[in-house]
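# Notes for the structure review
The residues making up each chain are set out below.
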Amino acid sequence: MSTTSLPLARLTLAAACAAACLPAGAVTWNTLNGQAPIIIGHRGASGYVPEHTLASYAKAIQQGAHYIEPDLVLTRDGHLIARHEPVLDGTTDVSAKFGADRRSTRMVDGVSTTAYFADTFTLAEIKTLRAIQPTASRDQSLNGLYEIPTLDEVINLAKTQSAATGRTIGIYPELKHSTYMKQQSLAAGRSATYFEDTLVSKLHAAYGNTQNAPVFIQSFESANLQYLNGQTDIKLVQLVDANDVRADGSMDLTPPYDRPYDFTVAGDPRTFADLLTPQGLAFVATYADGVGPWKPYLVKTVDDGVDRDGDGKLTVNDRRVDGSTGIIEAAHEAGLQVHAYTFRNDSGGYGFADPQAEMEYYLRLGVDGVFTDFPDTGVAALAAAAVPEPETYALMLGGLAVVGWVARRRATTPANSKR
């Protein structure tokens with residue numbers, strides 16, 4: 001029987017049957033392994049609570065984040081603590097607790113920086129500090145309430161909350177400024193790889209030396225990840241930065257955001273953008289399991305002067321969205337996961353005024369995870385992205401109906417559509 005001669009009512013009935021036969025909750029994702037993407041609490045739920053505090057991480061977990069992200073730096077006595085940078089000025093009350101004589105000038109990634117450096121304070125001194133919200137437009141009412149946690153405390157929180165919630169809460173530590181930390185470790189009489197070795201030791205003790213551990217280790221440098229590749233089976237992620245996005249959508253690679261700093265030290269001319277070419281991705285795949293690009297690398301947006309959100313002013317939210325740059329697809333072809341950063345409700349929505357819609361777009365494209373300061377928005381985006389768009393769902397059902405009739409109305413359950 002020809003499908004073209006079937007009455008409309010019979011096709012409608014077939015579509016209804018196909019819908020009834022679809023497994024509940026069945027979703028096809030464009031991720032590397034076809035599994036649902038992960039939501040990573042960027043510095044915890046840092047949009048709501050001062051970053052890198054146990055309260056911020058707990059808030060992220062409560063909001064449904066799959067992973068929490070502790071950025072790591074060293075103290076003077078060799079402890080790993082959670083801070084976004086080795087400087088303490090912007091995120092703690094250090095200036096109210098210690099005099100200006102504790103400030104010093106250091107070179108960090110080639111930039112002369114005068115600040116209170118974490119590696120000049122003991123852990124006992126660090127524990128006297130309290131966290132503050134560094135973004136002035138965010139809630140300042142929690143300033144001064146929370147102390148600075150160690151990596152051990154973050155691991156304990158993740159494990160305790162995993163047991164309490166019945167779901168696995170992973171951790172996603174970042175080794176901050178490994179070249180700088182190497183220099184400080186050597187000056188303190190420690191090994192050049194003390195930073196990396198200490199992290200691996202703690203992670204292996206907590207989770208074992210296995211790729212199945214709910215852990216990713218990330219870094220903007222490359223040599224440290226290559227070293228770690230020989231020390232651990234825990235998953236590794238190469239972060240990729242840039243300075244800005246030009247009006248035409250191309251990446252501005254002004255130093256020091258142009259390349260991994262260890263490349264600069266070694267005289268390696270490759271840039272971050274080079275690491276996202278097919279050749280660069282093949283190189284990254286020799287030592288890492290994924291890439292973590294700044295999101296404008298993945299979706300081209302153009303400043304064409306149109307006020308798309310109608311608020312009377314032009315911002316990055318108004319940029320025209322031209323679609324995937326192909327990097328997600330190329331990374332998957334190289335066997336690498338793609339975890340994009342950073343999604344915020346209150347800034348940086350390149351081409352999107354709605355932060356949930358922005359994350360939905362990236363999740364549907366096929367990113368394997370997103371870093372967000374607002375994990376509740378990420379969880380909502382994941383739930384929304386898991387629902388087929390109406391036209392896609394209708395096409396899927398129609399296709400199943402036709403297949404069913406062409407196959408002589410077999411009594412078996414129709415197969416799910418392929419991605």
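This one's a predicted model, so the numbers in the text were calculated from it and none came from an experiment.

Moving on, we come to the overall build of the chain. When its secondary structure is counted, the chain shows 14 helices and 17 strands. Taken across its 419 residues, the chain has 48% of its residues classed as buried. Of the contacts formed within the chain by residues at least 6 apart in sequence, a portion of 67% connects residues at least 24 apart.

Parts of the prediction with low pLDDT should not have their coordinates interpreted in detail. Scored by pLDDT, the chain has a mean of 89; 86% of the residues are at 70 or more. Model confidence for the chain, summarised as mean pLDDT per element, is weakest for helix 1 (residues 8-21) at 33 and strongest for strand 10 (residues 235-240) at 99. Low pLDDT (under 50) marks residues 1-25, which in the prediction has 27 contacts with non-local residues, meaning those over four places away or in another chain. For the stretch residues 392-419, pLDDT sits under 50, and the model shows 36 contacts to residues farther than four places along the chain or on other chains.

The subject of this paragraph is the nonpolar core. Of all hydrophobic cores here, the largest spans 93 residues; its most connected members are Ile171, Leu203, Ile217, Tyr297, Leu298 and Val367. Ignoring sequence-local partners within four residues, the contact set of leucine 298 consists of Pro293, Gly323, Ser324, Thr325, Ile327, Ile328, Val338, Ala340, Tyr362 and Val367.

Quick look at unusual backbone geometry now. Residue proline 256 is bonded to the preceding proline 255 through a cis peptide linkage, with omega at 5 degrees. Of the consecutive residues tyrosine 341 and threonine 342, the connecting peptide bond is found in the cis state with omega at -25 degrees. The topology assignment puts threonine 342 in strand 16 (residues 337-343). Positive phi, close to 60 degrees, is recorded for arginine 43, a residue that is not glycine.

Looking now at helix 13 (residues 375-385). Three or more residues of helix 13 are buried, namely Pro375, Thr377, Gly378, Ala381, Leu382 and Ala385. Seen end-on, helix 13 carries its buried residues on one side only, within an arc spanning 155 degrees. Along its buried surface, helix 13 packs onto strand 1 (38-41), helix 2 (54-62), helix 12 (355-365) and strand 17 (369-372).

The next thing to look at is the pairing of strand 9 (residues 216-219). Alternating positions in strand 9 separate into two faces, Phe216 and Gln218 on one and Ile217 and Ser219 on the other, with burial throughout. The sheet contact formed by strand 9 and strand 10 spans 4 bridges and is parallel. Paired with glutamine 218 across the two strands is valine 237, which belongs to strand 10.

When you line up the elements, arginine 106 lands in strand 5 (residues 104-108). Here aspartate 119 takes part through its side chain, which lies 2.8 Å from a polar atom of the side chain of arginine 106. Engagement of the side chain of arginine 106 in a polar contact is seen with the side chain of glutamine 184, the distance being 3.2 Å. Those residues in contact with arginine 106 that lie beyond four places of it in its chain are Val111, Ser112, Thr113, Phe117, Asp119, Thr120, Tyr180 and Gln184.

Attention shifts here to the pattern of salt bridges. Going through the model one piece at a time under the given rule, you end up with 20 salt bridges. For lysine 97, the salt bridge identified is with aspartate 93, shortest N-O distance 3.0 Å. The class of lysine 97 is partly exposed, set by a relative accessible area of 41%. With relative accessibility at 18%, the residue aspartate 93 sits in the buried group. For arginine 364, the salt bridge goes to glutamate 360, with nearest N and O atoms at 3.3 Å. Of this pair, arginine 364 and glutamate 360 both sit in helix 12, 4 residues apart, which is roughly one turn of that helix. Overall, arginine 364 belongs to the partly exposed group, its relative accessible area being 28%. Through salt bridges that share partners, Arg138, Arg344, Asp346 and Asp373 make up one connected network.

For the coordinates displayed, the defined rule picks out 15 aromatic pairs. Ring plane angle 55 degrees and centroid distance 5.4 Å describe the contact between tyrosine 67 and phenylalanine 216, whose orientation is recorded as tilted. In this pair, tyrosine 67 sits in strand 2 (residues 67-68) while phenylalanine 216 sits in strand 9, placing the two residues 149 residues apart along the sequence. Here the aromatic cluster, defined as three or more aromatic residues joined through ring pairs, consists of Tyr67, Tyr172, Phe216 and Phe371. Sitting over the ring of tyrosine 48, lysine 59 keeps its end group 5.9 Å from the ring centre.

Looking at the element boundaries, proline 255 is found in the loop between strand 12 (251-252) and helix 9 (261-266). The class for proline 255 is exposed, based on a relative accessible area of 57%. Considered as a pair, proline 255 and alanine 242 are 13 residues apart in the sequence and their alpha carbons are 8.6 Å apart.

Definitions and cut-offs
Residues numbered from 1 in each chain as written. Predicted model: local features only at pLDDT ≥ 70, side-chain atom pairs only at ≥ 80, totals over all residues. Heavy atoms only, no water. Helix = DSSP H or I, 4+ residues; strand = E, 2+ residues; numbered from the N terminus. Buried < 20%, exposed > 50% of the residue type's maximum accessible area, 1.4 Å probe, protein only. Contact = heavy atoms within 4.5 Å. pLDDT = per-residue confidence, 0-100. Core = buried A, V, L, I, M, F, W, Y, C linked by side-chain atoms within 4.5 Å. Arc of directions from axis to C-beta. Pairing = 2+ DSSP bridges. Polar contact = N/O pair within 3.5 Å; in protein donor to acceptor, adjacent residues only side chain to side chain. Salt bridge = Lys/Arg side-chain N within 4 Å of Asp/Glu carboxyl O. Phe/Tyr/Trp six-rings, centres within 6.5 Å; stacked < 30°, edge-to-face > 60°. Lys NZ or Arg CZ within 6 Å of the ring centre and 35° of its normal.

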